[in-house]
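Geometric and topological summary
Given next are the chains, with one letter for each unit.
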Amino acid sequence: MPRQLFRSAALGAVAASTMLVLAMGAAPSAQAAVPALAAVTAPIVNLTSLYSSGDPSAAVVGSADSGAATLRATSSLKNGVAVSVPGATAATSSVIEVVPPSGQLLAPGRYPALSSTAADDAKPRLTVTVGNTSYPVVAGEVDVLDIAANADGTIKRFDIVFRTGDRAPTTVLFGELRLGQPDDTTPVLATRHVEWPQTPVRSTPIVVTERMHNTSSSAVTIGAVAVTAGARADYTISGDQCSNRPLASGASCSLKIGFSPTASGPRVATLSLPVGSSTQTVSLAGTSPLGTNSLVISGRDYVDGGTTHTLGGSAFTVTGMANLSTVGGFSFTPLAPNGADPGTAMARFSTAGGGSAALPVGTYPAASFQASTHPSATAKPYGVTVSGFGRGCGDNTGTLTVRQFVLNPDGSPALVDLSFTQKCASESAVMTGTLQYHNRTDVTPPASVTGVSVSGGTGAATRTATWKASTASDTAFTVSRLVAGTGADATPTSGFALGANTLTSTPLPQLIAGQKYTVVVFAVDTAGNYSSPASLAITG
């Protein structure tokens, strides 16, 4: 029997660890008879955070269990989804809100860019509010796996995955909101689809809590929980209170899932949870930065003090400086291996004239951002300012050598390789340094797979997707996903997991009747680059 998409409205569980996790995925390949579920109409909330200041997930831990969370009456396809989670006090009560772009209805599909303010209403907005403090999810994304409304426009069901973007990993929020999903099985899982924000290779595992809640009237037996299929070595299980034990009616158990990628690029796997004679599955998906990521500075200058500093490990916080009226560019702050910002150093590289643009290849004289040496006020059109360890120059001059500087379509840096010098105005010693961001020799994605097709027509009980393999000689594996809607902006971690292997076919889960989906397939090479998707639209 085909797998069924997990749909739940029985458990409101919130997990606090190191990020904000969304959950949703596929249920058993073979369904065993289980006791009837208790009738539940409350949203399921699963939230994790890694926040440099405060922890918005801490206030909602456990408070959304068994019907505590509520859907606000203002929720609609036009207004978006707002879920309230009560706390012990008003100061610890929270609201998670997903608002569609202005003039649009919230619809199935991936929204690749979020706004952090109501003023920027051309993008969707996601905010977590605890008490009177709001935590906007910046530079992130929302993946609406399913949403439907009643005749009067009010929301009757949804499944929404969200996460902070990759360029601000010290203020990470990621998680899932679900309501009214059909075809649920017991025990109900807090998360069915976990999508971690970008995580450095071999970093300290970022941990998410999974919870199983037996909502039936009888005990169920849980088998050995394990990571199966895909990048199994990237995911670890700890604190397992569920495996090889009976779970009484109304009881819950939990386990922790850690993600520490062993290679760059998309890293996907499956968590299998045997329940009686069936197996429930959870999609595990994450990414790791490509190439080399480091900031190296040295010298007898005031900042370095005669020491060589190698920073960054494999991740940076990257912000644009286009908000400055006369200078634009990018600021790179290296991160510790587990994604936490040590606050050790920051390097800013800019151009005169405003706007964040790619720096052209070449060697140029440079200056600081101070008034007396500002690039816009001197013959030096490029800015270099590097500070760290509580020290900075004020005025400085130097040089900038750009070997590569490539931007993504959204204007963020995709690949940077440059070197620089910096001399504080008050001293003769010179700092020398290099910055590498996603720097690698292989920047070419593999050729796409071709010929995606699906056997079995609309509504068929068994359907299989097939395709022709990529012709690229360095293809390592293929990732196939099932995404809601048109598949626009889909990535190898979007939607529902189908497969991550070297095969050229995969069975599809049972789909919601009438729902529009797209099968997307990506080839991934040995460097972690992935191809453009090959896709096929289907209807449930």
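All values derive from a computational prediction rather than experimental measurement.

What follows concerns the overall build of the chain. Regarding its fold elements, the chain presents 0 helices and 37 strands. Counting across all 540 residues of the chain, residues that qualify as buried make up 54%. Put simply, 65% of the contacts in the chain that link residues at least 6 apart link residues at least 24 apart.

Right, let's get into the pairing of strand S19 (residues 265-275). Taken across its 11 residues, S19 has 10 buried, putting it largely inside the fold. Taken together, the 11 bridges between S19 and strand S20 (residues 278-288) define a ladder with antiparallel strand orientation. Each residue of the ladder has a partner; that of Leu 271, found in S20, is Val 282. Counting the residues that bridge the hairpin from S19 to S20 gives 2 residues, and of these Gly 276 lies at a positive phi of roughly 60 degrees.

All right, on to the pattern of salt bridges then. Evaluated as defined, the whole model comprises 7 salt bridges. As a salt-bridge pair, Arg 110 and Glu 141 come within 3.1 Å of each other at their nearest N and O atoms. With Arg 110 in strand S5 (residues 109-111) and Glu 141 in strand S8 (residues 141-149), this residue pair connects regions lying 31 residues apart in the sequence. Of the two residues examined, Arg 110 and Glu 141, each falls in the buried class. In this structure, the salt-bridge partner of Asp 417 is Arg 403, at a minimum N-O distance of 3.3 Å. Taken together, the residues span a long stretch of sequence, with Asp 417 in strand S29 (residues 413-424) and Arg 403 in strand S28 (residues 396-407) at a distance of 14 residues. Judged by its relative accessible area of 13%, Asp 417 falls in the buried class. Residues joined in a network through salt bridges with shared partners are Arg 110, Glu 141, Arg 163 and Glu 195.

Moving on: the pairing of S8. Most of S8 is tucked away: 8 of the 9 residues are buried. The pairing of S5 with S8 spans 3 bridges and is antiparallel. Each residue of the ladder has a partner; that of Tyr 111, found in S8, is Val 142. Here 8 bridges tie S8 to strand S9 (residues 155-163), and the two strands are oriented antiparallel to one another. Bridged to Val 142 within S9 is Phe 162. Counting the residues that bridge the hairpin from S8 to S9 gives 5 residues, and of these Gly 153 lies at a positive phi of roughly 95 degrees.

The residue Ala 345 is located in strand S25 (residues 345-352) in this model. Taking the C-alpha atoms as reference points, Ala 345 and Leu 311, 34 residues apart in sequence, are found 8.2 Å from one another.

This next bit is on the confidence of the model for the chain. When pLDDT is averaged along the chain, the result is 79, and 78% of the positions lie at 70 or above. Confidence over residues 1-40 falls short of pLDDT 50; this stretch has 221 contacts with residues more than four positions distant or in other chains. pLDDT under 50 marks residues 322-326. Its contacts with residues more than four places away, or in other chains, come to 11 contacts.

This brings us to the packing of aromatic side chains. In this structure the tally under the stated criterion is 8 aromatic pairs. For the ring pair Trp 196 and Phe 259, a centre distance of 5.4 Å and an interplane angle of 40 degrees mean the geometry is tilted. On the criterion of sequence distance, the pair formed by Trp 196 in the loop between strand S12 (193-195) and strand S13 (206-213) and Phe 259 in strand S18 (residues 252-259) is long-range, its members being 63 residues apart. Each member of the pair, Trp 196 as well as Phe 259, is classed as buried. By the ring-pair criterion, three or more aromatic residues cluster together here, those being Phe 332, Phe 349, Phe 420 and Tyr 437. Here the basic side chain of Arg 391 rests over the ring of Tyr 302, its NZ or CZ set 5.3 Å away from the ring centre.

Let us now look at the sheet that holds strand S31 (residues 450-455). Strand order in the open sheet made by the 3 strands is S31-S32-S35, with antiparallel pairing throughout. Only two strands of the sheet have a single partner each, and these edge strands are S31 and strand S35 (505-507). Across the sheet, the mean angle separating the axes of adjacent strands is 15 degrees when strand polarity is ignored. Note that S31 and strand S32 (residues 464-468) share 4 bridges and pair antiparallel. Among the inter-strand pairings, Ser 455 is bridged to a residue of S32, identified as Thr 464.

The full count for this structure, using the stated rule, is 2 disulfides. Through a disulfide, Cys 242 is tied to Cys 253; the S-S separation comes to 2.1 Å. Where Cys 242 bonds to Cys 253 through sulfur, the torsion about that S-S bond is close to 115 degrees, and the disulfide is right-handed. Of this pair, Cys 242 sits in the loop between strand S16 (235-238) and strand S17 (245-247) while Cys 253 is found in strand S18, placing the two residues 11 residues apart along the sequence. A relative accessible area of 3% means that Cys 253 is categorised as buried. Disulfide pairing places Cys 393 opposite Cys 424 at an S-S distance of 1.8 Å. Across the S-S bond of Cys 393 and Cys 424 the torsion is about -60 degrees, and the bridge reads as left-handed. A residue pair is termed long-range when its members are at least 10 positions apart, and Cys 393 in the loop between strand S27 (382-388) and S28 and Cys 424 in strand S29 qualify at 31 residues.

Before going further, it helps to spend a moment on unusual backbone geometry. One non-glycine residue with positive phi stands out, namely Asn 244, at about 55 degrees. On the secondary structure map, Asn 244 appears in the loop between S16 and S17. Residue Asn 244 is classed as exposed on the basis of its relative accessible area, which comes to 60%. Positive phi values are uncommon outside glycine, yet His 438 reaches one of about 55 degrees.

Cut-offs used in this document
Residues numbered from 1 in each chain as written. Predicted model: local features only at pLDDT ≥ 70, side-chain atom pairs only at ≥ 80, totals over all residues. Heavy atoms only, no water. Helix = DSSP H or I, 4+ residues; strand = E, 2+ residues; numbered from the N terminus. Buried < 20%, exposed > 50% of the residue type's maximum accessible area, 1.4 Å probe, protein only. Contact = heavy atoms within 4.5 Å. Pairing = 2+ DSSP bridges. Salt bridge = Lys/Arg side-chain N within 4 Å of Asp/Glu carboxyl O. pLDDT = per-residue confidence, 0-100. Phe/Tyr/Trp six-rings, centres within 6.5 Å; stacked < 30°, edge-to-face > 60°. Lys NZ or Arg CZ within 6 Å of the ring centre and 35° of its normal. Axes fitted to C-alpha atoms, helices over the stretch in contact; angles between N-to-C directions. Disulfide = S-S within 2.5 Å.

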